[in-house]
Amino acid sequence: MFVGHYAAAFAGRAASVAVPLWVLFFGVQFVDFLWAGFILTGIEEARVVDGFVEASNLDLHHMPYTHSLVGSLFWSVIFAAGYVLIARPQNWKLAALLTGGAVFSHWLTDLIVHVPDLPLVYGEPKVGFGLWRSLLWSQALEVTILLAGTIWFVRRTVPNGIVGRLSPWLLLGVLLVMQLVSHLPAEELPSIQAFAVQALIAFTVPVLIAALVDATRAAKP
Ligand SMILES: [Zn+2]
């Protein structure tokens, strides 16, 4: 899953102003940031296989550290603790819940689309409901939850000016374009290393635009 993960970030920010949107945007992809780094350093392994499943060209056969249930819980705690220590939020328990929940939401939403490649601990058994086997239904799900999250966020916040009126829709538009581009048929598929580098860029851009949204919208009084 790619842009569907951001639904949880929008929802977290709509539910509470305790944590900025950009931090939640970072959080929901935190294990995929790590995954890209672990692929580049050889700690985890994957292969690009044309048509592996209808909606993904990735054979994600070894990613126990970032995408196991236990690993995800570990990174959720690390991220939440890191945020609380660095940002020192007033309501640290709520902030920890939101940031940790954002990180862990990644595993739960990946679970829906991945084929059984998500370990519970390390190696077998691996789980995944496999919605990626259908391009149509996996994309319908991702776009629907992203739209729902965006709309909830927009309703719970108010713009500080014209930029604030447009910024959430700019963010949504960029996400939808990136999702579309990532599923266009390619002449030549990238190596897994090139894919990891592209992924790092694709995960960083939304964080930056989310910071613009933070700066241009405020919580509803
Ligand atoms: Zn993932």
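- Per an unreviewed UniProt entry, the protein goes by the name Metal-dependent hydrolase and belongs to Parvularcula mediterranea.

1. Quick word on the coordination of the zinc ion
Piece 1. Of the protein atoms, only Asp32 (OD), His67 (NE2), His106 (NE2) and Asp110 (OD) coordinate the zinc ion, at distances of 2.1 to 2.4 Å.
Piece 2. Classification of the site at the zinc ion as irregular follows from its four donor atoms and the range of 81 to 169° in their angles at the metal.
Piece 3. Each donor residue of the zinc ion belongs to the same chain, and together they define the spacing D-x34-H-x38-H-x3-D. Of this pair, His106 and Asp110 both sit in helix α6 (residues 92-113), four residues apart, which is roughly one turn of that helix.

2. Points about the packing of helix α5 (residues 69-87) against α6
Piece 1. For the pair α5 and α6, interaxial distance at closest approach is 8 Å and the crossing angle is 145°. α5 and α6 meet at a crossing whose hand is right-handed. Between α5 and α6, the residues in contact are Leu69, Ser72, Leu73, Trp75, Ser76, Phe79, Ala80, Tyr83 and Val84 and Trp92, Ala95, Ala96, Thr99, Gly100, Val103, Phe104 and Trp107, respectively.

3. Thoughts on the pattern of salt bridges
Once their charged atoms are close, side chains differing in charge can pair, the charge on each being opposite to the other.
Piece 1. Enumeration over the complete set of coordinates arrives at one salt bridge.
Piece 2. Of the charged contacts in the structure, one is a salt bridge between Asp59 and Arg47, with a shortest N-O distance of 2.6 Å. In this pair, Asp59 sits in strand β2 (residues 56-62) while Arg47 sits in strand β1 (residues 45-53), placing the two residues 12 residues apart along the sequence.
Piece 3. Taking relative accessible area as the criterion, Arg47 reaches 47% and is therefore assigned partly exposed.

4. Let's talk about the packing of aromatic side chains
Piece 1. Using the criterion set out here, one finds 14 aromatic pairs in the structure.
Piece 2. Between Phe30 and Trp75, the ring centres sit 6.2 Å apart and the planes meet at 80°, which makes this aromatic pair edge-to-face. Of the two residues, Phe30 sits in helix α3 (residues 30-41) while Trp75 sits in helix α5, which places them 45 residues apart along the sequence. For the pair formed by Phe30 and Trp75, the shared burial category is buried.
Piece 3. When the ring of Phe74 is compared with that of Trp75, the centres are 4.9 Å apart and the planes differ by 70°; the resulting orientation is edge-to-face.
Piece 4. The exposure class assigned to Phe74 is partly exposed, which follows from its relative accessible area of 46%.

5. Some words on the environment of Val113
Piece 1. Among the structural elements, Val113 can be located in helix α6.
Piece 2. Val113 sits 17 residues away from Gly130 along the chain, and the two C-alpha atoms are 4.8 Å apart.
Piece 3. Apart from the residues within four sequence positions on either side, Val113 is in contact with Met1, Gly130, Leu131, Trp132, Ser138 and Leu141.

Thresholds, definitions, all that
Residues numbered from 1 in each chain as written. Predicted model: local features only at pLDDT ≥ 70, side-chain atom pairs only at ≥ 80, totals over all residues. Heavy atoms only, no water. Donors = N, O, S within 2.8 Å, 3.2 Å for Na, K, Ca; no water. Tetrahedral: all angles 85-135°; square planar, octahedral: opposite > 155°, others 65-115°. Helix = DSSP H or I, 4+ residues; strand = E, 2+ residues; numbered from the N terminus. Axes fitted to C-alpha atoms, helices over the stretch in contact; angles between N-to-C directions. Left-handed = near helix turned anticlockwise from the far one by under 90°. Contact = heavy atoms within 4.5 Å. Salt bridge = Lys/Arg side-chain N within 4 Å of Asp/Glu carboxyl O. Buried < 20%, exposed > 50% of the residue type's maximum accessible area, 1.4 Å probe, protein only. Phe/Tyr/Trp six-rings, centres within 6.5 Å; stacked < 30°, edge-to-face > 60°.

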